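# Summary of structural features
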Amino acid sequence: MSSSSPSPLSEVLRAADFAAGKHRDQRRKDKEGTPYINHPIGVANILANEGEQNGRWKILLLPAYEAKTS
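Residues numbered from 1 in each chain as written. Predicted model: local features only at pLDDT ≥ 70, side-chain atom pairs only at ≥ 80, totals over all residues. Heavy atoms only, no water.

### Focus on the overall build of the protein chain
- The secondary structure content of the protein chain amounts to three helices and zero strands.
- Looking at the protein chain as a whole, 17% of its 70 residues qualify as buried.
- The long-range share in the protein chain, meaning contacts at least 24 apart out of those at least 6 apart in sequence, stands at 34%.
- Entry remark: accessible area of the protein chain is about 5400 Å², with carbon and sulfur atoms responsible for 53%. (Helix = DSSP H or I, 4+ residues; strand = E, 2+ residues; numbered from the N terminus. Buried < 20%, exposed > 50% of the residue type's maximum accessible area, 1.4 Å probe, protein only. Contact = heavy atoms within 4.5 Å. Areas by Shrake-Rupley, 256 points an atom, 1.4 Å probe, with all protein chains shown as cover.)

### Quick word on the environment of Asp30
- Here Asp30 shows up in the loop between α1 (8-22) and α2 (38-49).
- Among the residues examined, Asp30 registers a relative accessible area of 29% and is labelled partly exposed.
- Of the polar contacts made by the side chain of Asp30, one reaches the side chain of Thr34; its length is 2.9 Å. (Polar contact = N/O pair within 3.5 Å; in protein donor to acceptor, adjacent residues only side chain to side chain.)

### Looking at α1
- With 15 residues, α1 extends 21 Å from end C-alpha to end C-alpha; this agrees with the ideal 21 Å at 1.5 Å per step.
- Within α1, the full set of buried residues consists of Val12, Ala15, Ala16, Phe18 and Ala19. The arc that holds every buried residue of α1, seen down its axis, measures 165°, which confines them to one face. Exposed and facing more than 90 degrees away from the buried side of α1 are Leu9, Leu13 and Asp17. (Expected span 1.5 Å × (residues − 1). Arc of directions from axis to C-beta.)

### A word on the environment of Asp17
- Relative to the elements of secondary structure, Asp17 occurs in helix α1.
- Looking at Asp17, the relative accessible area reads 58%, which means it is exposed.
- Note: C-alpha distance between Asp17 and Ile37 (20 residues apart in sequence) is 9.8 Å.

### A word on the confidence of the model for the protein chain
- In this model, the protein chain carries a mean pLDDT of 76, and residues with pLDDT of at least 70 account for 67%.
- By mean pLDDT, the top-scoring element of the protein chain is α1 (85), and the lowest-scoring one is helix α3 (residues 62-69) (56). (pLDDT = per-residue confidence, 0-100.)

In structure tokens form, the structure reads like this:
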């Protein structure tokens with residue numbers, strides 16, 4: 001992989017960081033008031049670890065990231 005193209009992991013981490021920043025003040029309506037971003041990141045983690053090999057789990061984080069980069 002060339003130094004000019006980021007690794008897939010790097011891209012996902014950048015997207016998660018961007019999404020977390022955009023949603024930093026949002027809380028879920030659960031009893032604990034957990035941060036909103038925890039849910040999509042958790043679902044992406046489950047899908048990535050349950051045999052989702054083709055990367056479709058990335059769509060959970062891409063909308064906010066693509067909005068930033070376009």
